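Take a look at the letters that make up each chain.
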Amino acid sequence: MRIADEVRILVRQRAGYTCEFCGVTETDTGGELTVDHFQPQSQGGVDALDNLIYACHRCNQYKLDYWPAEPEDPHLWNPRNEPASAHFVETSDGTLRPLTATGAFTLARMRLNRSSLVAHRQRKLAQVEEIRLLTKYRELVELHQQLNHQLSVLMDEQSQLLAEQRELLKRLLHRRD
């Protein structure tokens, strides 16, 4: 069944134009991603908004029509219902580590540590660090400007005090004479 254009737009907007599984954006991929059924239609899934996921082509391909056949079968993480932080932690090298059995299954099934995604996360981490450093640099420049202004004010005050001191010395010397 074809997803209506209005629904597709809502799903894209809701996801922030980002794959809800791996985090790549339309900008990263150079085009729109796919609207996928979290519970596949072949497994009884419906076209309801809460069952639609915005996913990149790779994640959609790796997920396929997986759905647990039995209650004890592993479950995929549903990004519509839980934050990624409930199941994964991102390490400083850009890899994801599972925190739960669902996280471990999802990492393996969706191949969320594939080299291109690790490189993507590393670039994002580098950008975050660059922004942090630029913000710190701007703060330091602003502090430097404030200090220069304060120094300028102090120098003016010192010049005035020296002028007053010279005037007082002249008066004192003039009185002595």
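What this report covers is the structure whose coordinates are included nearby. Keep in mind it's a predicted model, so treat the numbers as computed, not measured.

**Observations regarding the environment of V141**
In step 1: In this fold, V141 is placed in helix α5 (residues 115-176).
In step 2: Accessibility expressed as a relative area gives 30% for V141, which makes it partly exposed.
In step 3: For the pair V141 and M110, spaced 31 residues apart in sequence, the C-alpha to C-alpha distance is 45 Å.

**Re the packing of aromatic side chains**
In step 1: A full pass over the atoms with the stated rule returns four aromatic pairs.
In step 2: Considering the side-chain rings of F38 and W67, the 5.7 Å spacing of their centres and the 85° angle between planes classify their relative orientation as edge-to-face. Of this pair, F38 sits in the loop between β1 (34-37) and β2 (52-55) while W67 sits in the loop between α3 (57-63) and β3 (88-90), and the two are 29 residues apart along the sequence.
In step 3: According to the relative accessible area criterion, F38 is buried, its value standing at 9%.
In step 4: Judged by its relative accessible area of 29%, W67 is partly exposed.
In step 5: With 5.3 Å between their ring centres and 85° between their planes, W77 and F88 make a pair best called edge-to-face. On the criterion of sequence distance, the pair formed by W77 in the loop between α3 and β3 and F88 in strand β3 is long-range, its members being eleven residues apart.
In step 6: Residue classification places F88 among the buried residues on the basis of a relative accessible area of 6%.
In step 7: In textbook terms, an aromatic cluster arises when at least three aromatic residues are bridged by ring pairs, as seen for F21, W77 and F88.

Thresholds, definitions, all that
Here, residues in each chain are numbered from 1, in the same order as that chain's written sequence. Only residues with pLDDT of at least 70 are given local features in this predicted model, and only at 80 or more are side-chain atom pairs given and counted; all residues enter the totals for whole chains, interfaces and linings. Remark: hydrogens and water are excluded; side-chain values derive from all non-hydrogen atoms of the structure. Helix and strand definitions follow DSSP, with helices as H or I runs of at least four residues and strands as E runs of at least two, each counted in order from the N terminus. Throughout, exposure labels follow a simple rule: accessible area from a 1.4 Å probe, protein chains only, divided by the maximum for the residue type, with under 20% read as buried, over 50% as exposed, and the rest as partly exposed. Under the pairing criterion, centres of Phe, Tyr and Trp rings, with the six-membered ring standing for Trp, must be within 6.5 Å; the plane angle then separates stacked pairs below 30 degrees from edge-to-face pairs above 60, leaving the rest tilted.

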